[in-house]
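# Working through the structure, step by step
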Amino acid sequence: MIDAHCHIDLYPDPLAVAMRCEQAGLSTLAMTNLPSHFQQGIRHLHGFKHVRLALGMHPLYADRHEEEYTSFAECFDMTSYIGEIGLDFSREGIQTKDIQLRSFKYILEKVHGKKKLLSIHSRCAEKEVLELLVTYKIKMAIFHWYSGSANVLKLAAAQGYYFSVNPAMIKSNKGAALIAQIPKKLFLTETDGPFVQCGNRVAEPSDVKLVIEYVSRIWKVPINDAKEQIAQNFKDVLKLLR
Ligand code: MN
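Criteria and cut-off values
- Residues numbered from 1 in each chain as written.
- Predicted model: local features only at pLDDT ≥ 70, side-chain atom pairs only at ≥ 80, totals over all residues.
- Heavy atoms only, no water.
- Helix = DSSP H or I, 4+ residues; strand = E, 2+ residues; numbered from the N terminus.
- Rg over C-alpha atoms; globule rule 2.2 N^0.38 Å.
- Buried < 20%, exposed > 50% of the residue type's maximum accessible area, 1.4 Å probe, protein only.
- Lys, Arg positive; Asp, Glu negative; His and termini not counted.
- Charge placed at Lys NZ, Arg CZ, Asp CG, Glu CD.
- Salt bridge = Lys/Arg side-chain N within 4 Å of Asp/Glu carboxyl O.
- Pairing = 2+ DSSP bridges.
- Axes fitted to C-alpha atoms, helices over the stretch in contact; angles between N-to-C directions.
- Donors = N, O, S within 2.8 Å, 3.2 Å for Na, K, Ca; no water.

## Things to note about the overall build of the protein chain
Each helix and strand counted, the protein chain has nine helices and 10 strands in total. Taking 2.2 N^0.38 as the reference for a compact globule, 242 residues should give roughly 18 Å; the C-alpha atoms of the protein chain span a radius of gyration of 17 Å, in line with that estimate. Principal-axis analysis of the C-alpha atoms places the extent of the protein chain at approximately 50 × 40 × 40 Å. Counting only residues that meet the buried cut, the protein chain has 55% of its 242 residues in that class. Computed over 30 positive and 26 negative side-chain charges, the inter-centroid distance for the protein chain is 7 Å.

## A word on the side chain of Glu-68
Turning to its location among the elements, Glu-68 is positioned in the loop between strand E3 (51-53) and helix H3 (69-75). The charged side chain of Glu-68 is buried without a salt bridge, its nearest counter-charge being Arg-64 at 4.5 Å.

## What to know about the sheet that holds strand E1 (residues 2-6)
Read from one edge to the other, the open sheet built from three strands follows the order E1-E2-E3, with strand pairing classed as parallel. Looking at which strands have only one partner, the edges of the open sheet turn out to be E1 and E3. Along the sheet, successive strands turn relative to each other by an average axial angle of 15 degrees, direction set aside. Across three bridges, strand E2 (residues 27-30) lies against E3 in parallel orientation. For Leu-29, the partnering residue across the bridge sits in E3 and is Arg-52.

## Focus: the coordination of the manganese ion
Only His-5 (NE2), His-7 (NE2), Glu-84 (OE) and Asp-192 (OD) from the protein reach the manganese ion as donors, at distances of 2.2 to 2.3 Å. Linear spacing of the donor residues for the manganese ion on their chain is H-x1-H-x76-E-x107-D. In this pair, His-5 is assigned in strand E1 and Glu-84 in strand E4 (residues 81-86), connecting sequence segments 79 residues apart. Given the relative accessible area of 0%, His-5 is considered buried.

## A few points about the sheet that holds strand E6 (residues 141-144)
Reading across the sheet, the five strands line up as E4-E5-E6-E7-E8 and stay open at both edges, with parallel pairing between neighbours. Only two strands of the sheet have a single neighbouring strand rather than two, namely E4 and strand E8 (187-189). Mean inter-strand twist for the sheet, computed between neighbouring axes without regard to direction, equals 30 degrees. Sheet topology places E6 next to strand E7 (residues 162-165); three bridges connect them, and they run parallel. Within the sheet, the bridge partner assigned to Ile-142 lies in E7 and is Tyr-162.

By themselves, these are just geometric observations and shouldn't be taken as functional.
Shown next as structure tokens:
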């Protein structure tokens, strides 16, 4: 199974979560929200095969971006995974719009022409994010927890960008409607743990199985076929990194 977007470093015991992923052979892209968090986390993950740490600059941490640019540049060659990055023009993020745009463009400029896989936050800024990805000719990007319009989803899919879907999305009507629009070949699973709840507990990477079960019903295929499809999609993405 694949968790293409979670925040292992934000669990109370990150190493225990990472070990469970490793032992289960669960491929996990662990996001960071700032380069200094990446610097702290990376030394704990040496020798891990299934857990990979991504270098991030979360749009909702924009007030701390300025002081983190140097670390971002220093860590850039240490990983093939970049995230969580993007734009957030919701009420929560709109006041730092200019800083976010500057950081996102800075990152895309650095990624341009390099083999990096991006995990993207695009809340209330889906169109702007897509336009920038296309402008900077970004090849490999995953829209994480996409919640924009069906129209922009189609445009992003036409560019070959992927979508990672989490257990919270399958519970909302809007999420379900969007999931139905995602081409099978561009579908990935995530949890966004620990930000997503499963019942009365926090989601863990193994909860991607809820998304797999859900989408197997949408696709009208056996659960194992859905699991295989998603594993193949992830292999296809990783091939592009070579
Ligand atoms: Mn996240």
